[in-house]
Amino acid sequence: MSFVKEMIGHSMDLWEGYVSHPFLQELTSGALPQEKLKRYIVQDSLYLREYARIFAVGLLKAPSMQDMAHLSSLISGTVQGEYLTRDRYLREFGVKDWEAESLLPENQAYLDYMMGEAQRGELPEIFAAVLPCMLSYCYIGRELMRRYPEQVAASPYADLIQDYGSDSYYELCRSDAAYADTLYGPLSLERKAHLKEIFRTASDYEMKFWDMSYREEM
Ligand SMILES: Cc1ncc(C[n+]2csc(CCO)c2C)c(N)n1
């Protein structure tokens, strides 16, 4: 069995919690207050700027040209692709200087955790830390569209959900997961057990990011 699937299985209780999280439920129904979405968009833009640097550490440590090709396409997918949707919302909300905003503590802690693993580890550890971010959004998008197709279609935020629930994003995630599985194949059981824990810790930080985005106070 794919080791990536095994890691997901080890964190599925957390992933299930994302789908029922009030932020995502209200994003789906359209009831999400704009202030909360705005906070998410600003914090997520800051997150993406720093998240791309984790891949850059992977690029520094990549042993082959093929590994470098994967990492460089992930960097451009984050800095250009993923950030584009945020940029559109930043303009719509009239946010001018998001880069001057501070990272909220949950956001900073998540990024510090991934960067620490990236600096200490090699590509298998780096991917265990960054995969929940990439793959959980695919899971969330697909599950929301499967469970609430009409609400998603009518939501003012449908584009945000549909991007992640799309077949093209699913295929991208499948190929990233297949690449990660080539890294995991030769590893010892002990190292794999540690990787599952890294994946779970990052999944837990994803949940804290949703909590941070939803809470009442700034
Ligand atoms: C907190 C947070 N977690 C996950 C993502 C999703 N995401 C981040 S980069 C990327 C593209 C692949 O590198 C995707 C799908 C996000 N935006 N914010």
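Residues numbered from 1 in each chain as written. Predicted model: local features only at pLDDT ≥ 70, side-chain atom pairs only at ≥ 80, totals over all residues.

- Named according to an unreviewed UniProt entry, the protein is Aminopyrimidine aminohydrolase originating from Massiliimalia timonensis.
- The annotation that UniProt attaches to the protein under Sequence similarities (unreviewed entry) is "Belongs to the TenA family."
- In the Pathway (unreviewed entry) part of its UniProt record, the protein is described as follows: "Cofactor biosynthesis; thiamine diphosphate biosynthesis." (UniProt positions renumbered as here; feature names shortened; annotations may be inferred.)

### Focus: the overall build of the protein
Moving on, step 1. Secondary structure summary: the protein contains eleven helices and zero strands in total.
Moving on, step 2. Listing each helix as α and each strand as β along the protein from the N terminus yields α-α-α-α-α-α-α-α-α-α-α.
Moving on, step 3. Its C-alpha radius of gyration of 17 Å places the protein within 12% of the 17 Å reference for a compact globule of 218 residues.
Moving on, step 4. Structurally, the protein occupies a C-alpha span of about 45 × 40 × 30 Å along its principal axes.
Moving on, step 5. Expressed as a percentage of the 218 residues in the protein, the buried residues total 34%.
Moving on, step 6. Put simply, of all contacts in the protein between residues at least 6 apart along the chain, 81% involve residues at least 24 apart. (Helix = DSSP H or I, 4+ residues; strand = E, 2+ residues; numbered from the N terminus. Rg over C-alpha atoms; globule rule 2.2 N^0.38 Å. Buried ≥ 20, exposed ≤ 12 C-beta atoms within 10 Å, placed from the backbone. Contact = placed C-beta atoms within 7 Å.)

### A word on the environment of Leu-74
Moving on, step 1. Within the element layout of this structure, Leu-74 appears in helix 5 (residues 65-92).
Moving on, step 2. By the C-beta count within 10 Å, which is 25 here, Leu-74 ends up buried.
Moving on, step 3. Between the alpha carbons of Leu-74 and Ala-52 there is a distance of 7.9 Å; along the sequence they are 22 residues apart.

### Considerations on the environment of Met-134
Moving on, step 1. Within the secondary structure layout, Met-134 lies in helix 7 (residues 123-147).
Moving on, step 2. Placed 128 residues apart in sequence, Met-134 and Glu-6 show a C-alpha to C-alpha distance of 16 Å.
Moving on, step 3. Excluding anything up to four places from it in sequence, Met-134 contacts Cys-173 and Asp-176.

### Some thoughts on the packing of helix 4 (residues 34-61) against helix 6 (residues 105-120)
Moving on, step 1. Put simply, helix 4 and helix 6 touch, their axes get as near as 9 Å, and they point 5° apart. Compared by their axis directions, helix 4 and helix 6 come out roughly parallel. Across the interface between the two elements, Gln-43, Leu-46, Tyr-47, Glu-50, Tyr-51, Ile-54, Val-57 and Gly-58 from helix 4 touch Asn-107, Leu-111, Met-114, Met-115, Ala-118 and Gln-119 from helix 6.
Moving on, step 2. Here the contact of helix 4 with helix 6 is built from residues that sort into nine nonpolar, four polar and one charged. (Axes fitted to C-alpha atoms, helices over the stretch in contact; angles between N-to-C directions. Parallel < 35°, antiparallel > 145°, perpendicular 65-115°, else oblique. Nonpolar A, V, L, I, M, F, W, Y, C, P; charged D, E, K, R; others polar.)

### Considerations on the site of the ligand
Moving on, step 1. Residues in contact with the ligand amount to 13 residues; listed here are only the nearest, Thr-78, Glu-82, Cys-133, Tyr-137 and Phe-209.
Moving on, step 2. Of all the secondary-structure elements, those providing two or more residues to the shell around the ligand are helix 4, helix 5, helix 7 and helix 11 (189-214). (Near = placed C-beta within 6 Å.)

### So, the packing of helix 6 against helix 7
Moving on, step 1. One way to put it is that helix 6 packs onto helix 7 with a least axis distance of 8 Å and a crossing angle of 165°. The angle between helix 6 and helix 7 falls in the class roughly antiparallel. Taken as a pair, helix 6 and helix 7 cross one another with a handedness that is left-handed. Residues Met-114, Glu-117, Ala-118 and Arg-120 of helix 6 form the contact with helix 7, whose participating residues are Glu-125, Ile-126, Ala-129 and Val-130.
Moving on, step 2. Looking at the contact of helix 6 with helix 7, its residues break down into five nonpolar, no polar and three charged. (Left-handed = near helix turned anticlockwise from the far one by under 90°.)

### A word on the UniProt feature "domain: Thiaminase-2/PQQC" (unreviewed entry) in the protein
Moving on, step 1. The UniProt record annotates "domain: Thiaminase-2/PQQC" (unreviewed entry) at residues 13-215.
Moving on, step 2. Annotated as residues 13-215, this span is 84% helix and 0% strand, and its ends, taken at the C-alpha atoms, are 21 Å apart.

### What about the nonpolar core?
Moving on, step 1. The biggest cluster of nonpolar side chains holds 52 residues, and the ones touching the most others in it are Phe-127, Ala-128, Ala-129, Val-130, Leu-131 and Leu-135.
Moving on, step 2. When sequence neighbours within four positions are dropped, the list of residues in contact with Leu-131 reads Val-4, Ala-180 and Phe-199. (Core = buried A, V, L, I, M, F, W, Y, C linked by C-beta atoms within 7 Å.)

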